[in-house]
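# Examination of the molecular architecture
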Amino acid sequence: MRGWGSSLLALALVGLPAQAAAAEERAFNVSGGALSAALPQLSRQAGISISVADGRLWQADVRPVRGRMDIEDALKRMLAGTGTRAVRVNGTSWRIERRPSPSRLARPAPRRPAPPARVQTQDIVAAEQDEIVVTASKTDLPYSRFAGVATRLDGDELAFGGERGTESILSRVATVSSTHLGSGRNKLFIRGIADSSFTGPTQATVGQYLGDIRLSYNAPDPDLRLYDIDSVEILEGPQGTLYGAGSLGGIIRTIPKAPDPHDPSVQAIAGFSLTQHGDPGGDIAAIANVPVSDRHALRLVGYMISDGGYIDNPLTGQRDVNRVHVRGGRGTFRFDAGGDWTVDLGGVYQAIISDDAQYADKDGPPLTRRSMIDQNATARYGMGSIVVMKDWDDLHFQSSNAYIDHRLFERFDASVPSARSASGGGADVTAGAIDVERLFAPAQIVPMNDVPRVLDQHNKTRMFVSENRLSRPYHDGLGWVIGASFIDNRARQDREYAYGSLRAILPGVTNRITEFTGYAEATVEVMPDLMASGGLRLSHAKLDGGAEGVSFALAEANRATTASRTETDLLPSFSLLATPLDNIRLYARYQEGFRPGGLAVDGNFVRRFLNDQVRTWEAGMRFGDKGKSLLDASISVSYSRWRNIQADFIDSNGFPTTANIGDGRITSLSGAVALRPSSALTFELGAVYNHSKVDDLSPQILPVFDLAPARLGRIPNVASHAVRGSVSYATVIGDEDFRVNGWANYIGPSRLGIGPVLGERQGDYVDTGLALRVGNERRGLSLTLTNLFDSRGNRFSLGTPFVEGNEGFLTPLRPRTLRIAVDVAY
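What you see is a predicted model; the values in this text were computed from it and never measured. (Residues numbered from 1 in each chain as written. Predicted model: local features only at pLDDT ≥ 70, side-chain atom pairs only at ≥ 80, totals over all residues. Heavy atoms only, no water.)

### Some remarks on the sheet that holds strand β15 (residues 229–236)
- What the five strands build is an open sheet, ordered β10-β15-β16-β13-β14; its pairing is mixed. Each having just a single partner strand, β10 (150–154) and β14 (213–214) make up the two edges of the open sheet.
- Across five bridges, the pairing between strand β13 (residues 206–210) and strand β16 (residues 250–256) is parallel. By the bridge assignment, Y209 is partnered in β16 with R253. (Pairing = 2+ DSSP bridges. Helix = DSSP H or I, 4+ residues; strand = E, 2+ residues; numbered from the N terminus.)

### A word on the pairing of strand β34 (residues 631–643)
- For strand β33 (residues 612–623) and β34, the ladder comprises 11 bridges, and the chain directions are antiparallel. Paired with Q613 across the bridge in β34 is R643.
- Looking at chain direction, β34 and strand β37 (residues 662–678) are connected through 12 bridges and run antiparallel. From the neighbouring strand, S640 faces β37, where its bridge partner is I666.

### What about the packing of helix α2 (residues 35–46) against helix α3 (residues 71–79)?
- The geometry of α2 relative to α3 is characterised by a closest axis approach of 12 Å and an angle of 170 degrees between their N-to-C directions. As summarised for this structure, α2 and α3 are arranged roughly antiparallel, according to the angle between their axes. Residues L35, A38, L39, L42 and A46 of α2 form the contact with α3, whose own contacting residues are I71, A74, L75, M78 and L79. (Axes fitted to C-alpha atoms, helices over the stretch in contact; angles between N-to-C directions. Parallel < 35°, antiparallel > 145°, perpendicular 65-115°, else oblique. Contact = heavy atoms within 4.5 Å.)

### Side note on the packing of aromatic side chains
- Summed over all chains, the structure comprises nine aromatic pairs.
- A centroid spacing of 4.9 Å and a plane angle of 65 degrees characterise the contact between Y359 and F809, whose relative ring orientation is edge-to-face. Here F809 lies in strand β43 (residues 809–810) and Y359 lies in the loop between β21 (341–354) and β22 (360–361), a separation of 450 residues in the sequence. Taken individually, Y359 and F809 each receive the classification buried, so the pair is uniform in this respect.
- Among the aromatic residues, ring-to-ring pairing joins F464, F486 and F516 into one connected group.
- Looking at R369, its charged tip hangs above the ring of Y359, at a distance of 4.6 Å from the centre. (Phe/Tyr/Trp six-rings, centres within 6.5 Å; stacked < 30°, edge-to-face > 60°. Buried < 20%, exposed > 50% of the residue type's maximum accessible area, 1.4 Å probe, protein only. Lys NZ or Arg CZ within 6 Å of the ring centre and 35° of its normal.)

Note that all results are geometric; they support no functional claim without further evidence.
Dropping the structure here:
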């Protein structure tokens, strides 16, 4: 940590505020007509984000904009005569709102008028509740026309109080949950659609996207840090029609800020953190937007984070063993190819290195774990992308292509826990333990329980994705999209077991899938105040794979270690949205999602598991307009049937494996309410209730678990209920903005996994936090305090999967942590 002190001090002393860059002209070619059609064109051509405060303004008739001019003049020309105005929120965001009435304009000015920066700060607060454009709909559909639950999180909001990656999303959305094995190793779930506790060959149930690029296929959440992000959109429920396989629970789409050829800027952020009962930590990041001539631009992001450890290991005498190091960066070069063609060349790289596991012994002293080995992990994620876009008239074309390389190494403690149990911690080992005699010759085995046993697991994924689509952004009562996509994904899992100085290669598996897809969806206003949407997706996939690291004799048998097949899936969708009153919207929706099958290790052989499918019926109501109403609220209820559930579990040999465990059903009820008594004060409350059951078990599963069907019960890893509340306040103190946000989340009880070995309870805890910032757009000082009451809790009961029942483990919350940070911008 000595190097951190000097780095943070150097960054804190960097420069003084620079002069704002002068407005520069750029070429516009925006057709007139409805605002809903013209605004997306102007937004893309200007490289800015534009929100609309009142959903009724989308039908306003605006003027065309053609020629070279700056952004402000382009907006004024487009909105002339409409009774609206454009308000600048920040360097890359604007908001369109109704002009104040003459009586308000005639109001006497205050004795001390606020400077322009203060006005912009108030606009930022108001912009949190602006009309949402659901870009994840692929037709730029206004939220007032969207039948479903969509959540938009502002990028500046996610970074407020310190960048925490996916944790920032989890703390703000009650319907999104996660496992907590460690950063870069977790699986995400939305609305109760969860399959297992650890990463296996099954595809994720949540689709994750960076812009329009899929982040992964059957790998864990890469936990990319959310620096320089414009927004994050979350669509709940299956999204199979538009997003295909792996979107059973929904999608999370992260939208980075785009390069701007007319606004050079540099931003730096540095923080220092102190963790009670643990080591200090720190973070440093830099963001730069570099124009290249007046048509091209390069945007760069780089960061380093070190989170201090807080778990002690009395067995080895080590303290605070679970430090996590994160290094990463992102770059995008935007090239204006002329003729309204735009090309984005991008790259992403991030490495997460965990020195040791973050779980503790349940029955030992707080925040301690007796382990014979360091259970380190490394996650490396890389992506190269090229995105080509063109706008003409009221159509938009986009081709998104990327190559992804994702590697994960994990080390698990598979030791007999006699040493761990010496202080009362740990658990007994019987059926959950690895059978050493099956791996080594009897003469090689030393009959001692205190010999370290280690299982190393390597997951390597490489994926090529390509999607091409043509869309008509919604306006004049019609929006549609038609597209085709191609995915080639190859995932290999290798495992090695060590018993003292002896090492043995365990069977692994390789899965490869090649998928071709065509899809289309349209949204139509069938009559005033009634919207209808419908779509269809046809996917054809070829799947093949085989066992790795098996003996020569088994490999020669071929049929026992390899398999291949093809499958075709048809996914329809349909929805209705009615607006019986001006501020009340009712909707009903049907969607499907699926995951293709694959191969899993089963002893020295491979087991084939089938594709699974979710069908969801949903209905809901929204009250009020965000940013306009004093009170806005929403409620939705959904019912899902899940066929051939793919799940990971521990087999009788003590190893993770995958199979179709049966069919299930999930009922989910969620709601949210926001109260804004003033433009400075906001109260928010969200809650979700999930009821799930595996009700039609696969016959091949019961002998493995040796238990009655009734004991499988709920689908794992999703709390039966969760509640989130927050309070935000912003004002001006002297010449500085002051902003504070407090939150509390309750996560209800859940089960770790399927079967007796993973049947442990977890959850039932409260997480809290408080963040504040004083400053302006050029500089600021922030203070964040998390886990205010220094609670322990149990976020996740899986320590190592090689101990039966996992009854001795829990994953505590990070202890109370204070972070102090500075940020500067030029």
